[in-house]
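Structure assessment
Chain residues, written in single-letter form:
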Amino acid sequence: MRKTTTRLSDGRELIYYDADPAGAVPTPPRRPLPDPRPVPPATRAGTSERRVDRLTGETVAYAAHRQDRTFLPPADQCPLCPSTDERASEIPDRDYRVAVFENRFPAFSGEAGRCELVCFTPEHDRSFADIGEAQAGLVLEVWTDRTAALGALPGVRQVYPFENRGAEIGVTLSHPHGQVYGYPYLPPRTGRELRALAGHRSRTGGNLADELLADELADGRRVVAESTHWVAYVPHAARWPYEVHLRPHRRVPDLTALHAAERAEFPRLYLRLLRGFDLLFGPGQPPTPYIAAWQQAPLGGRGERGEFGEFGEFNELTIGREEFALRLELFTIRRGPGKLKYLAGSESGAGAFVSDVLPETAAARLREVTAQ
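In this text, all values refer to a predicted model and were calculated from it rather than measured experimentally.

The rules we used
- Residues numbered from 1 in each chain as written.
- Predicted model: local features only at pLDDT ≥ 70, side-chain atom pairs only at ≥ 80, totals over all residues.
- Heavy atoms only, no water.
- Helix = DSSP H or I, 4+ residues; strand = E, 2+ residues; numbered from the N terminus.
- Expected span 1.5 Å × (residues − 1).
- Buried < 20%, exposed > 50% of the residue type's maximum accessible area, 1.4 Å probe, protein only.
- Core = buried A, V, L, I, M, F, W, Y, C linked by side-chain atoms within 4.5 Å.
- Contact = heavy atoms within 4.5 Å.
- Phe/Tyr/Trp six-rings, centres within 6.5 Å; stacked < 30°, edge-to-face > 60°.

**As for helix α4 (residues 260-279)**
- Taking 1.5 Å per residue, 20 residues should reach 28 Å; α4 reaches 31 Å between its end C-alpha atoms and fits that length.
- For α4, the set of buried residues is Glu262, Arg263, Glu265, Phe266, Pro267, Leu269, Tyr270, Leu271, Leu273, Leu274, Gly276 and Phe277.

**A short note on the nonpolar core**
- Residues Phe128, Trp143, Leu246, Phe266, Tyr270, Trp294 and Leu366 are the most contacted members of the largest nonpolar core, which totals 52 residues.
- Setting aside residues up to four positions removed in sequence, Leu366 forms contacts with Val224, Val234, Tyr242, Val244, Phe277 and Leu280.
- Core analysis: the next-biggest nonpolar cluster, separate from the first, contains 13 residues, Leu14, Tyr16, Leu117 and Cys119 among them.

**Description of the packing of aromatic side chains**
- Within the structure shown, the criterion is met by 20 aromatic pairs.
- Here the aromatic rings of Tyr160 and Phe162 are separated by 5.4 Å at their centres, their planes lie at 40°, and the arrangement is tilted. As far as burial versus exposure is concerned, Tyr160 and Phe162 are alike and both buried.
- Their ring planes at 65° and their centres at 6.4 Å tell us that Trp230 and Trp294 sit as a pair that is edge-to-face. With Trp230 in strand β10 (residues 230-233) and Trp294 in strand β12 (residues 290-295), this residue pair connects regions lying 64 residues apart in the sequence.

As structure tokens, then:
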């Protein structure tokens, strides 16, 4: 993988990632074109603010400048496509393999975190499901590189690569892309998971993530697909109508810890799952909206033993990063043809999920469509 770093006209970082096919003669280093747009620095990032709910301990971020972000532009005005002689985009070059740049409308920035966009392909009308295994492998390397880079920033507590696909999800740009958030605080779900891991270790001496995976493999009803190094399954208590967790058999804390064989095997299985998602609701249905996100071990408050201990209300968490199990969570809010799972009173108001699809039923359907 070749990495070329440059700057946009307003100072934001832009990184091109290239890869030569196996056995091919390496291409010359990329010489990035300058950004011709006269974007003044004052329009760049805005400011964000964080407040803590004293009743729940949860952090809420405010980024009012995001109200002005680009919203569903026509294809010929897409800011994520390569630039042309007629129109300059966020990516000045005329072509790219994968491009990463600082979000122009970030939820967090500077010493208070970082938000990046990852453009999976220059082709506007494609999706991750059909970019091919080689390109998907390059994206995995990009996610890994960004995990290392953002994880090294002093203000970042967790690195969270994710993709939103579909207008129903709330996507504002239809070009195939994802984001990477460097959270400057511990997200609530991660905090709850760390509490569960720490409590289980204290009570039993074992690792809860490993035991949950062993239970899924032993039961078998919710396993969707399995390969030498990875397993995809619907969790026992899935919250979403169709939800799959994809994790290595070997417990690792984050993407940087994957070994070569695990990296090589990931694209094929992941693309199978994505293509299966588009077949879930039968022929003639629009592409399935989904969210795909990597859950990785947090980084903040690490001491010599890699322990967590500087999270304020999470001070009792004295477990190492190696206790956390890397996984990709893939789910859709569509529960049937033409039907969405809305987060209504129980889910949005009380935080109590009520699902319309049994996990075993979802797994059976996913096995069927991923086998096609």
